Amino acid sequence: MSKEDVYSVVFRESGKEHMSGCMDKELEQIRKAIIFIKDANAQRPDRATQKQLWKIRRLEEELGWDKNPKRLQSFIRKYYHADKLEWLKFQEASSLINSLKNVLAKEAEKREEDGR
């Protein structure tokens, strides 16, 4: 899990920004939630592959979206209804790759037209 994911779980389970302000009972609840998420992710054979995630990140760089991480996250949330790239299913990741390729092609067309 990423650092962001852990902080999301901490806030969801305790309502606090940091674990340092949590009581033992809250820390135990956070620990259980993290283990549950870790186990759930390990048991999802239908989720996006590492190769798909790599390709998505390369397309993100080509589009220049890597300088603003919220751009891809917002795109995923809007069109695929997922909060994290890693939560996409295999088919959703394939569709996202095609969508990003289309966006890249449209931007290239626009640059060509503007250059004429």
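Residues numbered from 1 in each chain as written. Predicted model: local features only at pLDDT ≥ 70, side-chain atom pairs only at ≥ 80, totals over all residues. Heavy atoms only, no water.

## Describing the packing of helix α3 (residues 50-63) against helix α5 (residues 90-115)
Then, number 1: Running from N to C, α3 and α5 cross one another at 20 degrees; their axes reach a closest spacing of 10 Å. As summarised for this structure, α3 and α5 are arranged roughly parallel, according to the angle between their axes. Considering how the two elements wind past one another, α3 and α5 form a crossing that is left-handed. Across the interface between the two elements, Q52, K55, I56, L59, E62 and L63 of α3 pack against F90, A93, S94, L96, I97, L100, K101, V103, L104 and E107 of α5. (Axes fitted to C-alpha atoms, helices over the stretch in contact; angles between N-to-C directions. Helix = DSSP H or I, 4+ residues; strand = E, 2+ residues; numbered from the N terminus. Parallel < 35°, antiparallel > 145°, perpendicular 65-115°, else oblique. Left-handed = near helix turned anticlockwise from the far one by under 90°. Contact = heavy atoms within 4.5 Å.)

## Observations regarding the environment of K78
Then, number 1: With respect to the secondary-structure elements, K78 resides in helix α4 (residues 69-80).
Then, number 2: Taking the relative accessible area as the measure of exposure, K78 reaches 56% and is therefore exposed.
Then, number 3: Considered as a pair, K78 and R111 are 33 residues apart in the sequence and their alpha carbons are 25 Å apart. (Buried < 20%, exposed > 50% of the residue type's maximum accessible area, 1.4 Å probe, protein only.)

## Side note on the pattern of salt bridges
Then, number 1: The final tally for this structure, using the stated rule, is nine salt bridges.
Then, number 2: Its salt-bridge partner being K84, residue D5 comes within 3.1 Å of it at the nearest N-O pair. One end of the pair, D5, is in helix α1 (residues 3-14); the other, K84, is in the loop between α4 and α5, with 79 residues separating them in the sequence.
Then, number 3: You can call K84 buried: its relative accessible area is 13%.
Then, number 4: The partner of R57 in a salt bridge is E60, with the nearest N and O atoms 3.0 Å apart. Here E60 and R57 lie together in helix α3, a separation of three residues that amounts to about one turn.
Then, number 5: Note on R57: relative accessible area 32%, which makes it partly exposed.
Then, number 6: Connected via shared salt-bridge partners are E4, D5 and K84. (Salt bridge = Lys/Arg side-chain N within 4 Å of Asp/Glu carboxyl O.)

## Some words on the nonpolar core
One recurring pattern in soluble globular proteins: nonpolar side chains tend to sit buried together.
Then, number 1: Membership of the largest hydrophobic core comes to 18 residues, with the highest contact counts inside it found for I56, I76, L85, L88, L96 and L100.
Then, number 2: Of all the secondary structure elements, the ones that give two or more residues to this core are α3, α4 and α5.
Then, number 3: The leading source of residues in this core is α5, at five residues.
Then, number 4: Filtering out sequence-adjacent residues up to four positions away, L96 remains in contact with I56, F75, I76, Y80, L85 and L88. (Core = buried A, V, L, I, M, F, W, Y, C linked by side-chain atoms within 4.5 Å.)

## Observations regarding the packing of aromatic side chains
Then, number 1: Counted under the stated rule, the structure contains two aromatic pairs.
Then, number 2: Centre to centre, the rings of W65 and F75 are 5.5 Å apart; their planes meet at 55 degrees, and the pair counts as tilted. In this pair, W65 is assigned in the loop between α3 and α4 and F75 in helix α4, connecting sequence segments ten residues apart. Here W65 matches F75 in class, with each residue buried.
Then, number 3: Residues F75 and Y79 carry aromatic rings whose centres are separated by 4.8 Å and whose planes lie at 55 degrees to one another, so their mutual orientation is tilted. Taken as a pair, F75 and Y79 lie in helix α4 at a separation of four residues, close to a single helical turn.
Then, number 4: In this structure Y79 comes out as partly exposed when scored by relative accessible area, which is 47%.
Then, number 5: Through pairs of rings, three or more aromatic residues link up here, namely W65, F75 and Y79. (Phe/Tyr/Trp six-rings, centres within 6.5 Å; stacked < 30°, edge-to-face > 60°.)

Purely geometric stuff here, so don't read any function into it on its own.
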